[in-house]
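Summary of structural features
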Amino acid sequence: MSMPASEIRPPAPVEAPTQVRNILVVDDDAAFRYLCVRAIDNQEHGAFRSIEAASAQEAIEAVMKRHIDCALIDYNLPDADGATLMREIRAAAPNWSGAMVVMTAGGSEIIATEAIRAGAVDYIPKGSISQVSLQRALTNAIEKVDLQNSIVESNSELARAYEQLQKRSDEIARFYHRVSHEIKTPLTAARMFMSMLHEGLAGELNDEQVTIVSQAIKSCDELSSHFDDLIECTRLETGKVVLHKDSESLQQVVGRAVASVTPAVDAKSLELSVDLSEELPELSIDGGRIVQVIANVLGNAVKFTEPGGSLALRAQVSNKLKGFVEIAVSDSGIGIAPEDIENVFERLYQVSDVGDSLMGAGLGLGLTIAKEIVELHLGTIEVSSELGEGTTFTIYLPIDKAA
């Protein structure tokens, strides 16, 4: 019965291998070497091509002169044992990254262990070699070494990328310092001249002129503060900040921080309550740095709280973390969306564009700086918030330990 021409299908073509692998067969026994070569070359897809060597010296020369993907090595050669030959190959061709498979007639586990330690990927007793087992062993060995080489290359690429990132980071840090120096110097001079105008040293100003000059002075102070934050953040990230710790009263530290933000609190008609536990111990801290932390957190609360709102600062021995004190700053402000909470301590991250003329929108570095300083003290800082309901930042500082 004949089939219609439309139903006749030609046989599926056999795909050729994408790469032919060169296999170096090292054995002084010509007959056995011939059997191995036939097993390697007699393949349907021609994935392997054999190259012969009758001695250790010939094997080394072949690896140095030709591209070899895998060396199939007899462990007992007249001029070297298999382990010695593998070490000599690696020494003669240190950049060669091919696989090595050892063959022996003995089948000893001791020899197998020695071969693996010398760099063999696999070990085959000669008595169990067949075309199928040999091709399988060679395929597995080459795939394993290819994977190892790929991992090594990937690690090298990552190392190079990290080196480049580190270089860029150092360049940015130097840029911050240079820009700060080059800009803050004329900025300071400009502020000085405007202060002279404001004080009437160059003649009396009318009320409108006084207001204009006052705003210019505030703008200079804001720019100077931004540059200070950039440099401070860079110094913290590069490990150039050293703490100068002493036994400090937390009540006094909090008082200094509150005093620094009081003008901004009053300007927005905010209510600020401070509750300090009488049981607060003295801490071994860098007082100036912790003032900076608390002031940054309070300033952030002021910035994102509408006029007439409220702030609360509470400090006590922590019930949550044993051996720590906790300083919590809460506000009745705009709050933080859940998707933003995990990012609030990231450098230059801004939850919102909301700001005010007194505090300024800022660069998004205050909380980053606060977190870095707290962690230098072996402490931690957390945030909880509900959108539209306010935010609480809690600072934990160790009582007995210090970094």
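Refer to the preceding data block for the structure.
Conventions used here
- Residues numbered from 1 in each chain as written.
- Predicted model: local features only at pLDDT ≥ 70, side-chain atom pairs only at ≥ 80, totals over all residues.
- Heavy atoms only, no water.
- Helix = DSSP H or I, 4+ residues; strand = E, 2+ residues; numbered from the N terminus.
- Expected span 1.5 Å × (residues − 1).
- Buried < 20%, exposed > 50% of the residue type's maximum accessible area, 1.4 Å probe, protein only.
- Pairing = 2+ DSSP bridges.
- Axes fitted to C-alpha atoms, helices over the stretch in contact; angles between N-to-C directions.
- Contact = heavy atoms within 4.5 Å.
- Phe/Tyr/Trp six-rings, centres within 6.5 Å; stacked < 30°, edge-to-face > 60°.
- Core = buried A, V, L, I, M, F, W, Y, C linked by side-chain atoms within 4.5 Å.

**What about helix H8 (residues 287-303)?**
Between its terminal C-alpha atoms H8 stretches 24 Å, which fits the 24 Å expected from 17 residues at 1.5 Å a residue. Within H8, 14 of the 17 residues are buried, leaving the element largely enclosed by the surrounding structure.

**Observations regarding the sheet that holds strand S1 (residues 21-26)**
The strand order across the open sheet formed by 5 strands is S2-S1-S3-S6-S7, and the pairing between neighbours is parallel. Here the strands that pair on one side only, and so sit at the sheet edges, are strand S2 (48-53) and strand S7 (122-125). For this sheet, the mean inter-axis angle between neighbouring strands, taken without regard to orientation, is 20°. Note that S1 and strand S3 (residues 70-74) share 4 bridges and pair parallel. In the strand pairing of S3, valine 25 is matched with leucine 72. Its contacts with the sheet put helix H3 (residues 82-92) on S1, S3 and strand S6 (99-104), and the angle it makes with S3 is roughly 150°.

**Points about the packing of aromatic side chains**
Each aromatic ring pair is described using two quantities: the centre-to-centre distance and the angle formed by the ring planes. For the structure shown, the criterion picks out 1 aromatic pair. Both rings, one in phenylalanine 345 and one in phenylalanine 393, keep their centres 6.0 Å apart while their planes meet at 80°; by these two values the pair is edge-to-face. Of this pair, phenylalanine 345 sits in the loop between helix H9 (338-341) and helix H10 (366-376) while phenylalanine 393 is found in strand S14 (residues 390-398), placing the two residues 48 residues apart along the sequence. The class for phenylalanine 345 is buried, based on a relative accessible area of 14%.

**Concerning the nonpolar core**
With 47 residues, the main nonpolar core has Leu250, Ile294, Phe393 and Ile395 as its most contacted residues. Here this core takes 9 residues from H8, the largest share from any one element. In contact with isoleucine 395, other than residues within four places in its own chain, are Val293, Ile294, Val297, Val325, Glu326, Ile327, Val374, Thr380 and Ile381. In terms of nonpolar packing, the next biggest core, distinct from the first, is built from 29 residues, Ile60, Ala62, Ile111 and Ala115 among them.

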